[in-house]
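# Inside the fold
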Amino acid sequence: IGFWKAGSGIIHQIILENYAFPGGLMIGCDSHTPNAGGLAMCAIGVGGADAVDVMSGEEWECKAPRLLGIELKGVLSEWCSPKDVILRVAHLLTVSGGTGSIVEYFGEGVSSISCTGMGTICNMGAEIGATTSMFAYTPSMRQYLIATRRAQIAQHADQLMHELLCSDAGCEYDQVYTIDLSAIKPALNGPFTPDLSHTVGQAMRSAAIGHGWPLQVSASLIGSCTNSSYEDLSRCASLVQQARNAGLPLKTPLMVSPGSEQVRATIARDGIQDTFESVGATILSNSCGPCIGMWHRPQSEMYDPSVPNSIVASFNRNFAKRNDGNPLTHTFLTSPETATMMAFAGTLDFDPCTDTITKTDGSSFTFEPPRGDFLPPQGFDAGVETYQAPAADGSNIEIEVDSNSDRLQLMRPFEPWDGNDIDDAIVLIKVRGKCTTDHISMAGPWLKYRGHL
C-alpha cells in the first residue's frame, strides 16, 4: 500500500497528477473520484466495502448504467469557466438527474476546455447523482500528461485515440442534452443544495431578497479538489492583481486551498501566492479544508455565528453545516474567478460583466476578464516529497494503532457466516428526500471519526 503523507494534497488532485490515464477504469472511496474523467478515465466513487472486495481480489460489480450524453456547442465567454458549465448541468438535471448514468460530454465545444477544466466538470458530476462523468481523449489531455511527466502514456493514448479513446461512430445515448457554452453566464448555485442556480446580478439579487438570504458576503473560499488547478489559481491571481493595482481592498476574508503540494509549490515559485497574500488573502493547507468542514471560523466583525450569513465558494457541495458546522451559513457555489471578484465587491449580487466597485477615493473600478495559464510556463514544481512507496515485502509489517485512540481503530475479522439470516436487526436511521453524504457521514467536527481502518 502506497501512502501519501499529510500535506500531499487532496487525493483527487493527486490522482489526476500521478495516476489517471485515458481509457482506465478506477474505483475510489469518495464521491468525487470521477475527477479523473478529466483525463478520459472511467473513475467511479464507491463505498468502502466495494473497495475492500477489489483490494482482496474480488471482481467489482455494478448495475449496468444508462448513458447520458451532454453535447457542448460554442465557446465559453471570457467571464466564464468550466465550473459554470457544471453549475448549468446541475441546474438542468437536478441532484438526481444523473442517477444510474454515466455522463459523457461530447461536441465541438469540448475542444475549448482544458484537461483540468474537464476534471472540474467531472468532479462535480457527483452532485447530479451520476455514476461517473467523462470526456473522450483530447490534445489538452496530451499536454497535461506531458507536463506531469507522463509523456509515454500520452504517446500510447495518441496511438489509440481514434480506435478506443473516442465516442463510437453512430453511438446512441439513452438521453441527450445540448448546452450552448456561449450562452452560459457566471452563476451561483445554492444555498443548501448544488442545483439551485442563479445567474450573477439581478437574478441573484431577486432570489436573495425573495428568500431572505443575506446579500453581504462574509467569506470567499477558492480551491478544493474541484477548482485548485494551476489554471484556476493563475486566473484568480490576475483578478487580484487588477484589484491591487487599483488600490482596492478585500471586503471579506479570501482563503485559498491548494489542491496538492505540486500546485502549492508551483504557485509559490511563480509569484501567484505572493499576489494573493499581498492583498491579505490566506493560503491554507494542501487539503480539503473548509470544503469538508475543516475550518476554524471564530466570531468576528464579519461573522456572527448566531446570525444568518452568506459565503461564496468554488467547492462542490453546500449542504447545511457542510463548511463551518453552522446551519445559518448559506453557501453559494460558484467559479473561483467569481468568488475572487466577490471578495472585493462584498455582495452576492455583483455582476462582474457590468458592475463597478467604488474605490476609497470615490472613483469607480471595473474588472477586466481574468487571464491565466492552463499549464505553468516553467513547468510544475513537485515541491516537498510526500509519497511513501509500498514496502518491497509487506508481509511482516504491522500497523500500530493506539488502543486508547477515539479516532482510529483496527477492525477484527468478522466471525464466519453461520448460514442463517440476521433477525431482529435495529434500523438506525430511515430517510427520504434529499439525504446527503453529510447526513450519512458528517463533515465538520465529526470528520475525524471517518478514519476507521
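Please read these numbers as outputs of a predicted model, since none were measured by experiment.

### Brief notes about the pattern of salt bridges
- For the structure on display, the rule yields 8 salt bridges.
- Notably, a salt bridge pairs Glu-127 with Arg-317, separated by 2.4 Å at the nearest N-O pair. Remark: Arg-317 occurs in the loop between β13 (309-313) and β14 (329-333) and Glu-127 occurs in the loop between α4 (115-123) and β6 (132-135); sequence separation between them is 190 residues.
- Among the residues examined, Glu-127 registers a relative accessible area of 3% and is labelled buried.

### Some words on a negative patch on the surface
- A surface patch of negative charge is lined by Asp-53, Glu-58, Glu-59 and Glu-61.
- With respect to the helices and strands, Asp-53 occurs in helix α2 (residues 48-55).

### Comments concerning the nonpolar core
- The biggest cluster of nonpolar side chains holds 95 residues, and the ones touching the most others in it are Leu-72, Tyr-105, Phe-135, Phe-276 and Phe-367.
- The greatest single-element share of this core, amounting to 7 residues, is contributed by helix α8 (residues 230-245).
- Those residues within four positions of Tyr-105 in sequence are excluded, and the remaining contacts are Ile-70, Leu-72, Ile-86, Val-89, Val-110, Ile-121, Ser-133, Met-134, Phe-135 and Ala-136.
- Counting residues in each nonpolar core, the second largest holds 5 residues, with Cys-42, Ile-44, Ile-102 and Met-134 among its members.

### Some remarks on unusual backbone geometry
- Along the chain, Gly-190 connects to Pro-191 via a cis peptide bond; the corresponding omega equals 0°.
- With respect to the helices and strands, the residue Pro-191 is situated in the loop between β8 (187-189) and β9 (197-199).
- With phi around 65°, Thr-94 is a residue other than glycine that occupies positive phi space.
- Tracing the sequence through the fold places Thr-94 in the loop between α3 (82-93) and β5 (101-106).
- Judged by relative accessible area, which is 33%, Thr-94 ranks as partly exposed.
- For Ser-224, which is not a glycine, the phi torsion comes out positive at approximately 80°.
- By secondary structure assignment, the location of Ser-224 is in the loop between β10 (217-223) and α8.
- Under the relative-accessibility criterion, Ser-224 is labelled buried at 0%.

### Some thoughts on the side chain of His-198
- Tracing the backbone through its elements, the reader meets His-198 in strand β9.
- There is a polar contact of 2.8 Å between the side chain of His-198 and the backbone oxygen of Gly-190.
- Engagement of the side chain of His-198 in a polar contact is seen with the backbone oxygen of Leu-196, the distance being 3.5 Å.
- Those residues in contact with His-198 that lie beyond four places of it in its chain are Pro-186, Ala-187, Leu-188, Asn-189, Gly-190, Met-204, Ala-207, Trp-213 and Phe-332.

### Notes on the packing of α3 against α4
- Relative orientation of the contacting elements α3 and α4 amounts to 25°, with a least axis distance of 8 Å. By the criterion of interaxial angle, the relationship of α3 to α4 is roughly parallel. Judged by the sense of rotation from one axis to the other, the crossing of α3 with α4 is right-handed. Between α3, through Pro-82, Lys-83, Val-85 and Ile-86, and α4, the contact on the second element is made entirely by Gly-117, Thr-120 and Ile-121.
- Taken together, the residues of the contact of α3 with α4 sort by class into 4 nonpolar, 2 polar and 1 charged.

### A short note on the pairing of strand β11 (residues 254-257)
- The side-chain alternation of β11 yields two buried faces, one formed by Leu-254 and Val-256 and the other by Met-255 and Ser-257.
- Since β10 and β11 lie parallel, the crossover through α8 that links them has a hand, and here it is right-handed.
- Sheet topology note: the β11/strand β12 (residues 282-283) ladder contains 2 bridges and is parallel. Across the sheet, residue Met-255 finds its bridge partner in β12, namely Thr-282.

### Considerations on the sheet that holds β5
- Taken in spatial order, the 4 strands make up an open sheet running β6-β5-β4-β7, and their pairing is parallel. This sheet does not close on itself; its edge strands, each paired only once, are β6 and β7 (175-180). The sheet shows a mean angle of 20° between the axes of neighbouring strands, direction not considered.
- The pairing of β5 with β6 spans 4 bridges and is parallel. Each bridged residue has a counterpart across the sheet, and for Ile-102 the counterpart in β6 is Thr-132.

### Notes on the packing of aromatic side chains
- With the rule as written, the count across this model stands at 9 aromatic pairs.
- When the ring of Trp-213 is compared with that of Phe-332, the centres are 5.7 Å apart and the planes differ by 65°; the resulting orientation is edge-to-face. Taken as a pair, Trp-213 in the loop between α7 (202-211) and β10 and Phe-332 in strand β14 lie far apart in primary sequence, 119 residues in all.
- Summarising the aromatic geometry, the rings of Phe-365 and Phe-367 are spaced 4.8 Å apart at their centres and angled 80° between planes, so their arrangement reads as edge-to-face. Phe-367 matches Phe-365 in its accessibility class, with the two residues each being buried.
- Taken together, the ring pairs in this structure connect Phe-344, Phe-350, Phe-365 and Phe-367 into an aromatic cluster.
- Residue placement shows Arg-297 over the ring face of Tyr-303; its charged tip is 3.7 Å from the ring centre.

### Here's the deal with the environment of Ile-86
- Take Ile-86: it is sitting in helix α3.
- Measuring from C-alpha to C-alpha, the distance between Ile-86 and Arg-412 comes to 42 Å, with 326 residues separating the pair along the chain.
- In this structure, Ile-86 is in contact with Tyr-105, Thr-120, Ile-121, Met-124 and Gly-125, ignoring residues within four places of it in sequence.

How each quantity is defined
Residues numbered from 1 in each chain as written. Predicted model: local features only at pLDDT ≥ 70, side-chain atom pairs only at ≥ 80, totals over all residues. Heavy atoms only, no water. Salt bridge = Lys/Arg side-chain N within 4 Å of Asp/Glu carboxyl O. Helix = DSSP H or I, 4+ residues; strand = E, 2+ residues; numbered from the N terminus. Buried < 20%, exposed > 50% of the residue type's maximum accessible area, 1.4 Å probe, protein only. Patch = residues over 30% accessible without salt bridge, like charges linked within 9 Å, V, L, I, M, F, W, Y side chains within 5 Å. Areas by Shrake-Rupley, 256 points an atom, 1.4 Å probe, with all protein chains shown as cover. Lys, Arg positive; Asp, Glu negative; His and termini not counted. Charge placed at Lys NZ, Arg CZ, Asp CG, Glu CD. Core = buried A, V, L, I, M, F, W, Y, C linked by side-chain atoms within 4.5 Å. Contact = heavy atoms within 4.5 Å. Polar contact = N/O pair within 3.5 Å; in protein donor to acceptor, adjacent residues only side chain to side chain. Axes fitted to C-alpha atoms, helices over the stretch in contact; angles between N-to-C directions. Parallel < 35°, antiparallel > 145°, perpendicular 65-115°, else oblique. Left-handed = near helix turned anticlockwise from the far one by under 90°. Nonpolar A, V, L, I, M, F, W, Y, C, P; charged D, E, K, R; others polar. Right-handed = clockwise from strand over helix to strand, strands pointing away. Pairing = 2+ DSSP bridges. Phe/Tyr/Trp six-rings, centres within 6.5 Å; stacked < 30°, edge-to-face > 60°. Lys NZ or Arg CZ within 6 Å of the ring centre and 35° of its normal.

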